[in-house]
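Below, each chain spelled out in residue letters.
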Amino acid sequence: MVNQELAKIFNEMAQFLEMDGVAFKPYAYQRAALSLETLNEDVGNIYRQGGIKALLEIPGVGKAIADHIEEYLKTGKIKHYEDYKKKLPLKIDELIKVEGMGPKKIKTLYQKLGIKNLKDLEKAAKAHKIAPLFGFGETTEKNILQGLEFLKRDKGRFLLGYIMPTVTDIFEKLKNLKEVDQISLAGSLRRKKETIGDADILVASKHPAKVMDFFVKLDGIEKIWGKGGTKASVRMREGFDVDLRVLPEKSYGSALQYFTGSKEHNIITRKIAIEKGLKLSEYGVFKGKKQIAGKTEEDVYKAIGLPFIEPELRENEGEIEAALRQAQGKLPGLPKLVGYNEIKGDLHCHSKPDEVKHSKNLENFIEELALSAIEIGYEYIGISDHTKFLKIDDGLNEEQLLKQHEAIKKINEKLKNENSKIRILHGCEANILNDGSIDIKDEVLEKLDYVIAGVHSSFKMSKQEMTQRLAVAMQNPNVDIISHPTGRLIGRREEYQMDFDKILEIAKKTGTILEINANPLRLDLNGFNIRRAKAQGIKMIINTDSHQKDQLTFMEYGVAQARRGWAEKGDITNTLSAEELLKSLKQK
DNA sequence: GCCGTTTTCGGCCCGACTGTTTTCAGTCG
């Protein structure tokens, strides 16, 4: 996709300009990059149909950047960018991922120590070459080493939300192939783990060769690692691998069970089979040499005396015991997991996404969001913008919030007159300040349909201070929901220090809802913490935290995480209708 | 470098935090 390639280049251009201390231009390039990333139309098409003039219509694209785009479309290169790369031959995209490293430090380290990539950086930090540099020091060097360790832990793994769109596309194409009888995702992708090593797809077919040929010729494949009679492995342009296996129908279920894992789950299921005098493998369930199951996963589990276990639970974290109890009619059995189609609305949507931040059409955007929500099938959608403490995100002050409240009222009336079923709720995502107070006055918070509060600053407080900070916030009767409660960013930032048991206790006592933030980078609460919260009887809500319209689809990842945390419909507040939801919010 | 108007150039994303250079640059959200 040319849009993505150009976005990557413009983002790097922004970094280069930043290194040179150029003011404002980096922002312009970043904005153009973001604009291209979120554009629904291929920029090549736009140019072919309308030339430079059409390019100038793209928000954030002016004369200079339009010329760059034209140059790239014609020659595959941008001279300005190539010159920079020659001058500073750096792996910016990997170096910038180290926490605390920015363009300036990257440039200094290149000039003083010739550091070009992560490997160079690690070598220099370990040899204590960084600390003595002007502007650096012991702590910085230590932080770099820590940042590198953190990156390594997740090396070679990709965010679920990064992989899923591409794989879904491949999946749909294969599914439509007439030679494909059955198809499923497998591996950690099917279990919906938050990060994925590589993507596995399983197909049942009588014509494996034809399926294989079709697969390796799909768009977006960068390299073919191998292609056999029933297995092929490819590297996608996005950097991750996809493995396809084609199987005969009679062992499709057992293969699916085997390749879905987890390894730990499979070890136990095989042991159970052995206890029953059976053998379970990817080829089926066997009694002696006779196959007694394998066509479907349900059959496989049934053959070893277990009910079907949802893929999201297969981690050997108690699901086998629960399944065994259920099989014996004892309690508690397996949870009846919240369904992907049971969500009735999304309460965490920002109406000021970057691409419209500077335009005046915010009200139109709220209406657009509502229309998207209707398409998804929601009953309600909640607008919850940042508040004034977050200056960078144009946080709203009291006056602006009240104004927004009136605007939303009007949009609701208009939608109602048009016989639309959607209802827009109005909230905000206020900031929990260091002392636990909220950055918006209570008399304004009271007027909103709901209030989300979250920590967006001072992440490095002590455990005791952070626990206290959240506790004070939850005790505010106007605070309904705590957003991204632990603050972690997958592969980038640890959770903040806090006493989570204490937080759960106070959430329970105050009736505060904890958010399951569905953003693929957050997934916060995570499965483990969701399970802890559920055990305490705490209500949760799955929100996307959308900053763009497209991000409403993140809901899928949030539900997946909830399911990994054994959550049932009754645990998740936004499975309620709008009326029920508002009633339950009032109870606090 | 882009945008929007003040139509020809000034404003753009800013406050907190961190570590270090002791008066502030770089990074983060």
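Here the structure is shown first, and the text comes after it.
Cut-off values and rules
Throughout this description, residue numbers start from 1 for each chain and increase along the sequence as written. Whichever chain is written first becomes A and whichever ligand is written first becomes 1, with later ones labelled in order. With pLDDT at 70 or above as the cut-off, local features in this predicted model cover only qualifying residues; side-chain atom pairs require 80 or more to be listed or tallied, and sums for whole chains, interfaces and linings still use all residues. As a rule here, side-chain values cover all heavy atoms of the structure and leave hydrogens and water aside. For the exposure calls, accessible area comes from a 1.4 Å probe over protein chains only, and a residue counts as buried if that area is under 20% of its type's maximum, exposed if over 50%, partly exposed in between. Where helices and strands are cited, they refer to DSSP runs of H or I of at least four residues and of E of at least two residues respectively, numbered from the N terminus. A pair of strands is treated as paired once DSSP finds two or more bridges between them. The working definition used for a salt bridge is a side-chain nitrogen of Lys or Arg within 4 Å of a carboxyl oxygen of Asp or Glu. Under this scheme, a helix contributes an axis fitted over its contacting stretch, all axes are lines through C-alpha atoms, and angles between N-to-C directions fall in the 0 to 180 degree range. By convention a nonpolar core is built from buried Ala, Val, Leu, Ile, Met, Phe, Trp, Tyr and Cys residues, the set being connected through side-chain atoms within 4.5 Å. Each domain's extent is set by a domain assignment, obtained either automatically or from a database. Contact criterion: two residues are considered in contact whenever any of their non-hydrogen atoms come within 4.5 Å of each other. If an angle is under 35 degrees, it is roughly parallel; if it is over 145, roughly antiparallel; if it lies from 65 to 115, roughly perpendicular; otherwise it is oblique. When the near helix sits turned anticlockwise from the far one by under a right angle, the crossing is termed left-handed; a clockwise turn instead gives a right-handed crossing. Amino acid classes used here: Ala, Val, Leu, Ile, Met, Phe, Trp, Tyr, Cys and Pro are nonpolar; Asp, Glu, Lys and Arg are charged; the rest, including Gly, are polar.

## Section: the pairing of strand β13 (residues 423-431)
Alright, step 1. Burial runs high along β13: eight of the nine residues are buried.
Alright, step 2. Alignment of strand β12 (residues 380-386) against β13, held across seven bridges, turns out to be parallel. Residue pairing across strands places G382 opposite L425, the latter belonging to β13.
Alright, step 3. As defined by bridge partners, β13 adjoins strand β14 (residues 452-454) across three bridges and the pair is classed as parallel.

## Remarks on the pattern of salt bridges
A side chain with one charge can pair with a side chain of the opposite charge if their charged atoms come near.
Alright, step 1. Taken as a whole, this structure holds 30 salt bridges when the rule is applied.
Alright, step 2. Here K107 and D20 are joined by a salt bridge, their closest N and O atoms 3.2 Å apart. One end of the pair, K107, is in helix α7 (residues 103-113); the other, D20, is in the loop between α1 (2-19) and α2 (25-37), with 87 residues separating them in the sequence.
Alright, step 3. Given the relative accessible area of 17%, K107 is considered buried.
Alright, step 4. Between K126 and E122 there is a salt bridge, with its nearest N and O atoms 2.9 Å apart. Taken together, the residues K126 and E122, both in helix α8 (residues 118-126) and four residues apart, mark about one turn of the helix.
Alright, step 5. According to the relative accessible area criterion, E122 is buried, its value standing at 16%.
Alright, step 6. Here the salt bridges share partners, and the residues they tie into one network are D20, K87 and K107.

## So, the sheet that holds strand β9 (residues 284-287)
Alright, step 1. Pairing is antiparallel in the open sheet, where three strands are placed in the order β8-β9-β10. In this open sheet, the two strands that pair with only one neighbour each are β8 (279-281) and β10 (290-293). Taking each pair of neighbouring strands and ignoring which way they run, the sheet shows an average axis angle of 35°.
Alright, step 2. Where β8 meets β9, three bridges bridge the pair, whose relative direction is antiparallel. Bridging from a neighbouring strand, S281 pairs with G284 of β9.

## Thoughts on the nonpolar core
Alright, step 1. One finds I201 and F215 to be the most contacted residues of the largest nonpolar core, which totals 93 residues.
Alright, step 2. At seven residues, helix α10 (residues 160-175) tops the list of elements feeding residues into this core.
Alright, step 3. Residues from two domains meet in this core; each of domain 2 (159-327) and domain 3 (348-586) gives at least three.
Alright, step 4. Look past the residues within four positions of F215 in its chain and what remains in contact with it is I170, L174, I221, A232, V234, V242 and L244.
Alright, step 5. In this structure, L6, M19, V61 and A66 belong to the second largest nonpolar core, which totals 46 residues.

## Side note on the packing of α1 against α2
Alright, step 1. It is the contact of α1 with α2, at a shortest axis distance of 8 Å, that shows an interaxial angle of 165°. Between α1 and α2, the crossing angle belongs to the class labelled roughly antiparallel. Between α1 and α2 lies a crossing of left-handed hand. Contacts between α1 and α2 involve N3, Q4, L6, A7, F10, N11, M13, A14, Q15, L17 and E18 from the former and K25, P26, Y29, Q30, A32, A33, L36 and E37 from the latter.
Alright, step 2. Residue composition of the contact of α1 with α2, grouped by class: eleven nonpolar, five polar and three charged.

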